[in-house]
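# Understanding the architecture of this molecule
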Amino acid sequence: MKMEKAILATITTQSNKVSGGTAVFHCETKEEMEAVAANLEAILDGIAHALNEQLYIIVKH
Amino acid sequence: MNEYTYPIIFGIIVGTAVRVFMLRSDYRQYPTYLHGKIIHLSLGFIAAGLGTIAIPSIMEKEFTAVTFLTLAASQFREVRNMERNTLTEMDAYELVPRGNTYIEGIAVAFESRNYLVIFTSFTVTLCYLAFNIWVAVIATVFCFILSHFLMSGSTLADIVEVEQSELSFDGAGLYVDNIYIMNIGLPERQEEILKYGMGFVLTPKSFSVRSTIANLGQRQAILHDVSVTLGVFRDSGTPALVPLIKRDLNDGRIGVFILPQEKDPVRAKEIISAVPVLENAIQMPTKRKGRGAKR
């Protein structure tokens, strides 16, 4: 089955904003969050979208 | 040798020549290779033969021979299927795909060109047999001009104004002029996009054009043509660096975001202007009589 539009991972510095349902990566700083998001983007072949300054999601289009 | 020999040879040669004339490899890179060309030249030769033979058959009162033309029709529909299948298969491996509408347009062109060959051979042979070789030569010139005319459709420059526009980010949102393109999260990606990306805004010249350029196939064709000609700054597995076109819902303008290997705005503008208007994307809402006819 080909997957269309799915959140593959969530990267955040604000742990209380997200929970369950997807893989969540908790980070300490904004720099760490960006580095993790860049890595995951390359690994998962998805796009890193910023929902706000504290929350990134990797989406498969 | 009989009285039909020369007219038939003449008709076949002219028909095949028309097919050669219409078979061009350009930036669309299809058909590029020798084998692809041989297939189309052979089919053109067969089409020329069928068109030519119809006239002597009628003159010999062999009317059933004309039913061969129906055979030709189904044969050339098969050509269209063949082209569609090949191009669809190959499209999956393009960095910026052509899209199905473009492929269908190419496939239809291949089919219709064979019919033009049949028409040419038919006309030329008829002129040769009914009059003489000089009338046939005039008919040949006429058919070449007609083929050239029928072969070239309109381009985007005829229906839209193309203008370069700055790319900008509002937070994570990428904009071309005021048209939202997509959300790019990573700052390094944003820098790459501002460094390599270019934005264009296409403004429709009339009301009918709005739905033509809104067509997803037409938009994909623009992206494909630009990417083929100017190169593309992306690789497999980098979906963030994909060229995109989005629409301004208020006035029907479209914002084109491209990532060329070679950042040359003048050339890019020329290429966008020269993108063919796909037959399948053309819609004529204002052709309807009565309500809305004067818009």
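Our subject is the structure that appears above.
In short, a report on the structure. (Residues numbered from 1 in each chain as written. Chains lettered and ligands numbered in written order. Predicted model: local features only at pLDDT ≥ 70, side-chain atom pairs only at ≥ 80, totals over all residues.)

Despite not being glycine, D45 of chain A has its phi angle at roughly 55 degrees, a positive value. Within the fold, D45 of chain A resides in the loop between helix 1 (30-44) and strand 3 (47-52). Residue classification places D45 of chain A among the partly exposed positions, given that 14 C-beta atoms sit within 10 Å. With a phi angle near 55 degrees, D177 of chain B is a residue other than glycine that sits in the positive phi range. Checked against the element boundaries, D177 of chain B lands in the loop between strand 3 (173-176) and strand 4 (179-183). (Helix = DSSP H or I, 4+ residues; strand = E, 2+ residues; numbered from the N terminus. Buried ≥ 20, exposed ≤ 12 C-beta atoms within 10 Å, placed from the backbone.)

This part takes up the interface of chain B and chain A. Facing the 9 residues of chain B at the interface are 13 residues of chain A. Looking at the side of chain B that touches chain A residue by residue, the class counts come to 5 nonpolar, 3 polar and 1 charged. (Contact = placed C-beta atoms within 7 Å. Nonpolar A, V, L, I, M, F, W, Y, C, P; charged D, E, K, R; others polar.)

Formed by 51 residues in total, the largest nonpolar core has its most connected members in A37 of chain A together with I222, V256, I258 and I272 of chain B. Both domains that meet at this core, namely domain 1 (5-152) and domain 2 (157-282) of chain B, each give it at least three residues. Excluding residues within four positions of it along the chain, I222 of chain B makes contact with I245, V256, I272 and V275 of chain B. In this structure, V18, M22, A48 and C143 of chain B belong to the second largest nonpolar core, which totals 27 residues. (Core = buried A, V, L, I, M, F, W, Y, C linked by C-beta atoms within 7 Å. Domains from an automatic or database assignment.)

All names here are of chain A. Taken together, the 4 strands give an open sheet; going across it, the order is 2-1-4-3, and neighbouring strands pair in mixed fashion. Sheet topology places strand 2 (23-26) and strand 3 at the edges, where each strand pairs with a single neighbour. Averaged over all adjacent pairs, the angle separating strand axes in this sheet is 25 degrees, with direction ignored. As paired strands, strand 1 (residues 6-12) and strand 2 are joined by 4 bridges and run parallel to one another. Residue pairing for strand 2: I11 is matched across the bridge by F25. Helix 1 contacts strand 1, strand 2, strand 3 and strand 4 (55-60) of the sheet and is inclined by roughly 160 degrees relative to strand 1. (Pairing = 2+ DSSP bridges. Axes fitted to C-alpha atoms, helices over the stretch in contact; angles between N-to-C directions.)

Sheets are built from strands that pair by backbone hydrogen bonding, the pairs being arranged parallel or antiparallel. Residues and elements named next belong to chain B. Pairing is antiparallel in the open sheet, where 4 strands are placed in the order 1-5-7-6. Each edge of the open sheet is held by one strand with a lone partner, namely strand 1 (160-165) and strand 6 (244-247). Each adjacent strand pair in this sheet contributes to an overall mean axis angle of 20 degrees, direction not counted. Summarising the sheet, strand 5 (residues 198-204) and strand 7 (residues 254-258) pair through 5 bridges and their orientation is antiparallel. Paired with M198 across the bridge in strand 7 is I258. Here helix 8 (residues 207-214) sits on the sheet and contacts strand 1, strand 5, strand 6 and strand 7; the angle it forms with strand 5, its principal contact strand, is near 140 degrees. In the packing of helix 9 (residues 216-230) onto the sheet, the strands contacted are strand 6 and strand 7, and the crossing angle to strand 7 comes to about 30 degrees.

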